[in-house]
Amino acid sequence: MKKVAAIHTEKNKDKRNIIIIALVTACCLLGDSMLYIALPIYWREAGLDGVWQVGILLAVNRFVRLPLNPFVGWIYEKISLKTGLVFAVILSVITTAGYGLATGFLAWLVLRCLWGLAWSFLRIGGLSTVAVHGKNHRQGEAMGLYNGLYRLGSLMGMLVGGVLTPFLGLTWVSLSFGLISGIGMILLGIFFQSKAPSSSSRSEGRKKNILGLDILKNHALIMSSGFFITFIIQGVFTATLSSLIIYHYGEDVEILNVVIAASALSGVLQALRWSWEPFLATRVGFWSDGSKGRKPFLIGSLLAGGVSFPLLAFPFAPLIWILITISAMLTSTALTTLMDAIAADHSHKAGAVRFFTYYTVVQDTGAACGPFVGYLLLSFTFGYEMLYIGCAMLLVILAVSWRIQIKKEKQKSFV
């Protein structure tokens, strides 16, 4: 009985740590997410000289993460997860509050680069925490819980920030969000008790002298899948959704005799996804923890995406097109949760921190390349059709690749 009680207590601690890091990340995301709504409108209040500077500021944090991620991973091998996460929260408070105080492009550029560093610490530390604390229990459910909860920060940042900024101004909203980000320090200090990917996980990669190229080579399908899924969902889909709506229906869309602006419809659809993620992502992860495993669910989700994404390129009746879009977003939730959970399953052999350092690099590269490739194709005739059909083909190719991988694993098990 005592042994059962101890196991139950350990599971509760693991789940609590995952919830805490997810909520800390959500608090830190408030300011960054708010900017995607507020900065394109209130760029003059920020002391910027033109709207072109807004595009640079919203993108630069992703690009600086590409060289920073390996550095952050190396730092995490020297310090505890908790120390790195506390540092990330401090940077988040400085940058978020700084949005309300900074004036001029150079000051904003520095803040956005600092936020890129903060997010590298948060993302690598968060994924490593889930890998460590979900290792002996339900890894899929743990990853779904983490992904779903931290994206509430994006939802609240966009909704609350978008509503309050016209009334309070960019300065006061940023300072308020900076104060809320500071709550992460309290959560980490009181409730977070990490096992430190530590000794076991972290040193395992060092003992085996596992290098970054070895990780990329030995887990090529995981890394390539992480790249292309992020490329399609966070890169192409998120960046082009508003322009896709305008391409089909113009700047004003009539739905059931109600006219809604294309930008507003895009915002509502994106917010809808973030609102269901805490529940659906956890449920998808839970299902994938079952006897069938994650890979059949991943293949099914990839094929579902291969059906829904190309349909987005064609102008159905608005209500039908919205339903197709919701279907594509449901698929996106499943894909990101399953892919992260599969990555966590394979992270321990190389060391969780080291593995997720390179996994995060390929994801950030995909997210950065998505908008670039997307808008490059949109400059051609039938650009939207080529873009979304191409994305669907990539998803189908990944599904076939994972099916081949499953067959190879079965053959090895029989040998």
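Please read these numbers as outputs of a predicted model, since none were measured by experiment.

1. Details of the overall build of the chain
Piece 1. A tally of helices and strands in the chain yields 15 helices and two strands.
Piece 2. Its C-alpha radius of gyration of 21 Å places the chain within 12% of the 22 Å reference for a compact globule of 415 residues.
Piece 3. Across its three principal axes, the chain shows a C-alpha extent of roughly 60 × 45 × 40 Å.
Piece 4. For the chain, the proportion of its 415 residues judged to be buried stands at 53%.
Piece 5. Summed over all atoms, the accessible surface of the chain reaches about 18100 Å², with 70% contributed by carbon and sulfur.
Piece 6. Averaging the positions of the 34 positive and the 19 negative side-chain charges in the chain gives two centres separated by 14 Å.

2. A closer look at a nonpolar patch on the surface
Piece 1. On the surface, Val307, Leu311, Phe314, Phe316, Ile320, Ile389 and Met393 cluster together to form a nonpolar patch covering roughly 590 Å² of accessible area.
Piece 2. Elements that contribute at least two residues to the nonpolar patch include exactly α12 (294-311) and α15 (383-414).
Piece 3. Judged by its relative accessible area of 35%, Phe314 is partly exposed.

3. Remarks on the packing of helix α10 (residues 220-249) against helix α14 (residues 352-377)
Piece 1. At their nearest, the axes of α10 and α14 sit 7 Å apart, and the two run at 35 degrees to each other. Relative to α14, the crossing made by α10 is right-handed.
Piece 2. The class makeup of the residues in the contact of α10 with α14 is 15 nonpolar, 10 polar and no charged.

4. Quick notes on the pattern of salt bridges
Piece 1. Counted under the stated rule, the structure contains eight salt bridges.
Piece 2. Of the charged contacts in the structure, one is a salt bridge between Arg273 and Glu277, with a shortest N-O distance of 2.9 Å. In this pair, Arg273 and Glu277 both sit in helix α11 (residues 262-288), four residues apart, roughly one turn of the helix.

Reading the values: rules and limits
Residues numbered from 1 in each chain as written. Predicted model: local features only at pLDDT ≥ 70, side-chain atom pairs only at ≥ 80, totals over all residues. Heavy atoms only, no water. Helix = DSSP H or I, 4+ residues; strand = E, 2+ residues; numbered from the N terminus. Rg over C-alpha atoms; globule rule 2.2 N^0.38 Å. Buried < 20%, exposed > 50% of the residue type's maximum accessible area, 1.4 Å probe, protein only. Areas by Shrake-Rupley, 256 points an atom, 1.4 Å probe, with all protein chains shown as cover. Lys, Arg positive; Asp, Glu negative; His and termini not counted. Charge placed at Lys NZ, Arg CZ, Asp CG, Glu CD. Patch = residues over 30% accessible without salt bridge, like charges linked within 9 Å, V, L, I, M, F, W, Y side chains within 5 Å. Salt bridge = Lys/Arg side-chain N within 4 Å of Asp/Glu carboxyl O. Axes fitted to C-alpha atoms, helices over the stretch in contact; angles between N-to-C directions. Left-handed = near helix turned anticlockwise from the far one by under 90°. Nonpolar A, V, L, I, M, F, W, Y, C, P; charged D, E, K, R; others polar.

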